[in-house]
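If you want the building blocks of each chain, they are given just below.
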Protein chains: 2
Amino acid sequence: MTDVKFNRLALIGIGLIGSSIARAVRKADLASEIVCSARTADSRRVAMELGIVDVAYETAEEAVKGADLVILCTPVGTYEAIAKEIAPVLQEGAIVSDVGSVKSAVVKAIGPHMPDGVHFIAGHPVAGTEKSGPAAGFAELFINRWCILTPTGDVDADALEKLSAFWSAMGSKVDTMEPEHHDLVLAITSHIPHLIAYNIVGTADDLEDVTQSEVIKYSAGGFRDFTRIAASDPTMWRDVFLHNKDAVLEMLGRFTEDLAQLQRAIRWEDGDTLFKIFSRTRAIRRQIIDAGQETPEPDFGRVHKADDKGGKA
Amino acid sequence: MTDVKFNRLALIGIGLIGSSIARAVRKADLASEIVCSARTADSRRVAMELGIVDVAYETAEEAVKGADLVILCTPVGTYEAIAKEIAPVLQEGAIVSDVGSVKSAVVKAIGPHMPDGVHFIAGHPVAGTEKSGPAAGFAELFINRWCILTPTGDVDADALEKLSAFWSAMGSKVDTMEPEHHDLVLAITSHIPHLIAYNIVGTADDLEDVTQSEVIKYSAGGFRDFTRIAASDPTMWRDVFLHNKDAVLEMLGRFTEDLAQLQRAIRWEDGDTLFKIFSRTRAIRRQIIDAGQETPEPDFGRVHKADDKGGKA
């Protein structure tokens, strides 16, 4: 069995994902020392107060010194500058990874700057909530969720095995794939869902004939579901769309083409087409539940209680 | 205080909503007798076995005899035929209502057939889950959810007050509005969200370069959220879109216009526009939570547990 314990883990950024890694690593004892860097004094203070890191540095350069595992947990738009900053001080033999939601652009942003003797393996834990910041993380975030690693070139097999074992030890299932394929898969399973969720919330906010108060009151009709992922971190998502342009535009083209078909069916009152399309989807949800990626409880298990005082029904 | 208790409640259809009303009425003792009609023998058998109705009839005509409250709980496409069927046997003074997700078409389908002395008041409880059938209902479904009544013409004030009190007694908050306005509001808060959820699940299912297994494995990136409302009853939703065509097409036009703006911003790598649009939405979710229409818990309160065996993380 691979020894999964690291000496010093450096988390660059300590938001939802970084702080969840810190907690999971602490819980499973996967590193002797956990340090982080965070740009804002507030994040550093919160991370220290929560006791999830041993030291919180202002710069990535300070954090990575002596680290044998470095994970970038900031928005992907920051990666190239961080790669340049840390390259000169990375320890020989260190593994450098990340948690970004796009992978081709990340490989291009980080890869060329990595010195010989450092093992760069891009990664993406497909897990999260709509919350942000160091206080939002929790150790169980990665349990039963997939972590996709996208090793490229002649990556060291031991380093890949150790990084895989590290994610497994935090509860993840680990897959490897080509960065380009990752970006295509995540475009449909994550990026387009976020884009259309952000979009419909914007559309609703702009209406003249329907008041915002009405949108809020009657949101239980379905709209509220979309506001959850549309409450995700705007900087992170801006960077995702800027760095996965081609795959997102390809999938968006298909989505709008299909939507035009539905629009036409509504205009021409073609009930058979509507029924056929609406009947396809239950099977997919069933498979997602069977695969352990979703709760089987109705309404996501939202609480419906007789003594409910609001907010949980 | 209005006496809210009815003598005989007839529920036409005993699916998720009908059976939830039966349970809530029983729990709050809002009717001396609860009967239903259901087209299939299976639904009648389940309803009787669950003990949520006193009698389950095959036809609406039998069920409404002697009823002082009749609620149509079938897909809206069936309403006109049911109205014609029950009209000759409705009891003088009875209140006839419904739970359909569209209201203008319902008023036109039912209203003209109602005899003098019967009080027709269309209604829509904005509540539900993705499950269907008599076993899926529960008494708490309407608690803290809005029920919209759309009285038209010279509706009897006492009948309206009694129907409002009935919904309040089941835990609902009650609003009244014009049917046309209801349809516009629900188009954006419910119908378009369902349409785009159905659509993206279809788009994902049709891909050639991404396998269905990949869509399922990585659905926690956001996609799985959409599969919930896309798992709703296809017949019900076909009828919604066939009967709220104008408002849905209007809102869909706005949605696609806004989506084109996002598409353009991605193509031209306009990060400022993306950030601006993505930053608008947290406030709306916050207001929905404050209004008691959504759980404040991250990830809808989906369970993330260390001992999770899948399906609930």
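Residues numbered from 1 in each chain as written. Chains lettered and ligands numbered in written order. Predicted model: local features only at pLDDT ≥ 70, side-chain atom pairs only at ≥ 80, totals over all residues. Heavy atoms only, no water.

1. Description of the overall build of chain A
- The helix and strand inventory of chain A stands at 13 helices and 9 strands.
- Against the 2.2 N^0.38 benchmark of 20 Å for 313 residues, chain A shows a C-alpha radius of gyration of 21 Å, consistent with a compact globule.
- In terms of its C-alpha atoms, chain A occupies a principal-axis envelope of roughly 65 × 45 × 40 Å.
- Within chain A, the fraction of its 313 residues that count as buried is 61%.
- The contacts in chain A between residues at least 6 apart in sequence include a share of 73% that link residues at least 24 apart. (Helix = DSSP H or I, 4+ residues; strand = E, 2+ residues; numbered from the N terminus. Rg over C-alpha atoms; globule rule 2.2 N^0.38 Å. Buried < 20%, exposed > 50% of the residue type's maximum accessible area, 1.4 Å probe, protein only. Contact = heavy atoms within 4.5 Å.)

2. A short note on the relation of the copies chain B and chain A
- The operation relating chain B to chain A is a screw motion whose rotation component is 180°, with 0.0 Å of axial translation and a residual RMSD of 0.0 Å. Expressed as an axis order, the relation between the two copies is that of a two-fold axis. Taking the C-alpha atom as reference, chain B places Phe300(B) closest to the rotation axis, 3.3 Å from it.
- Most of the interface of chain B is mirrored in chain A, where 100% of its interface residues again form contacts. (Least-squares fit on C-alpha atoms with pLDDT ≥ 70 in both.)

3. Points about the domain arrangement of chain A
Residue and element names in this part refer to chain A.
- Domains assigned within chain A are domain 1 (6-176) and domain 2 (181-279).
- Relative placement of domain 1 and domain 2: their C-alpha centres are 31 Å apart.
- On the domain 2 side, the residues contacting the 16 residues of domain 1 number 14 residues.
- Together, the buried faces of domain 1 and domain 2 total about 1200 Å²; carbon and sulfur atoms form 64% of this surface.
- Among the residues domain 1 hides against domain 2, the three largest losses belong to Ser-101, Val-102 and Glu-130. Together they make up 41% of the total.
- Put simply, domain 1 and domain 2 have 1 salt bridge between them.
- Across the pair Glu-130 and Arg-228 runs a salt bridge whose closest N-O atoms are separated by 2.9 Å. (Domains from an automatic or database assignment. Buried area = accessible area lost by both parts, 1.4 Å probe. Salt bridge = Lys/Arg side-chain N within 4 Å of Asp/Glu carboxyl O.)

4. Looking at helix α4 (residues 79-86) of chain B
Residues and elements named next belong to chain B.
- Among all positions of α4, only Tyr-79, Ile-82, Ala-83 and Ile-86 are buried. Along the axis of α4, the buried residues cluster in a sector spanning 105°; they form a single face.
- Where the residues of α4 are buried, they touch β1 (6-12), α3 (60-64), β4 (69-72), β5 (95-98) and α5 (104-110). (Arc of directions from axis to C-beta.)

5. Section: the pairing of strand β2 (residues 31-37) of chain B
Residue and element names in this part refer to chain B.
- Counting buried residues in β2 gives 5 out of 7 residues, a clear majority hidden from the surface.
- Note that β1 and β2 share 6 bridges and pair parallel. Paired with Leu-9 across the two strands is Ile-34, which belongs to β2.
- Handedness of the crossover joining β1 and β2 through helix α1 (residues 16-28): right-handed.
- In this sheet, strand β3 (residues 55-57) lies alongside β2 in parallel orientation, the contact comprising 3 bridges. Of the residues in β3, the one forming a bridge with Ser-37 is Tyr-57. (Pairing = 2+ DSSP bridges. Right-handed = clockwise from strand over helix to strand, strands pointing away.)

6. Brief notes about the pairing of strand β9 (residues 173-176) of chain A
Residues and elements named next belong to chain A.
- Where strand β8 (residues 146-150) lies against β9, 4 bridges are found, and the strand directions are parallel. By the bridge assignment, Leu-149 is partnered in β9 with Thr-176.
- Regarding the hand of the β-α-β motif, the stretch spanning β8, helix α6 (residues 157-169) and β9 is right-handed.

7. Notes on the interface of chain B and chain A
- Between chain B and chain A, the residue contacts involve 118 residues of the former and 118 residues of the latter.
- Here chain B and chain A share 18 salt bridges between them.
- Between Asp299(B) and Arg228(A) there is a salt bridge, and its shortest N-O distance comes to 3.3 Å.
- Counting across the interface, chain B meets chain A through 52 residue pairs in polar contact (both at pLDDT 80 or more).
- Put simply, the parts of the chain that give the side of chain B that touches chain A at least two residues each are β8 (146-150), α7 (179-206), α8 (212-217), α9 (223-229), α10 (234-243), α11 (245-267), α12 (271-278) and α13 (281-290) of chain B.
- Among the elements that make up the side of chain B that touches chain A, the one with the highest residue count is α7(B) (21 residues).
- The class makeup of the residues in the side of chain B that touches chain A is 54 nonpolar, 30 polar and 34 charged. (Polar contact = N/O pair within 3.5 Å; in protein donor to acceptor, adjacent residues only side chain to side chain. Nonpolar A, V, L, I, M, F, W, Y, C, P; charged D, E, K, R; others polar.)

8. Let's talk about unusual backbone geometry
- Notably, Phe300(A) is not glycine yet its phi reads approximately 60°, a positive angle.
- As for its placement among the helices and strands, Phe300(A) is situated in the segment after α13 (281-290).
- The class for Phe300(A) is buried, based on a relative accessible area of 1%.
- Positive phi outside glycine occurs at Asp299(B), with the angle close to 55°.
- With respect to the element layout, Asp299(B) can be found in the segment after α13.

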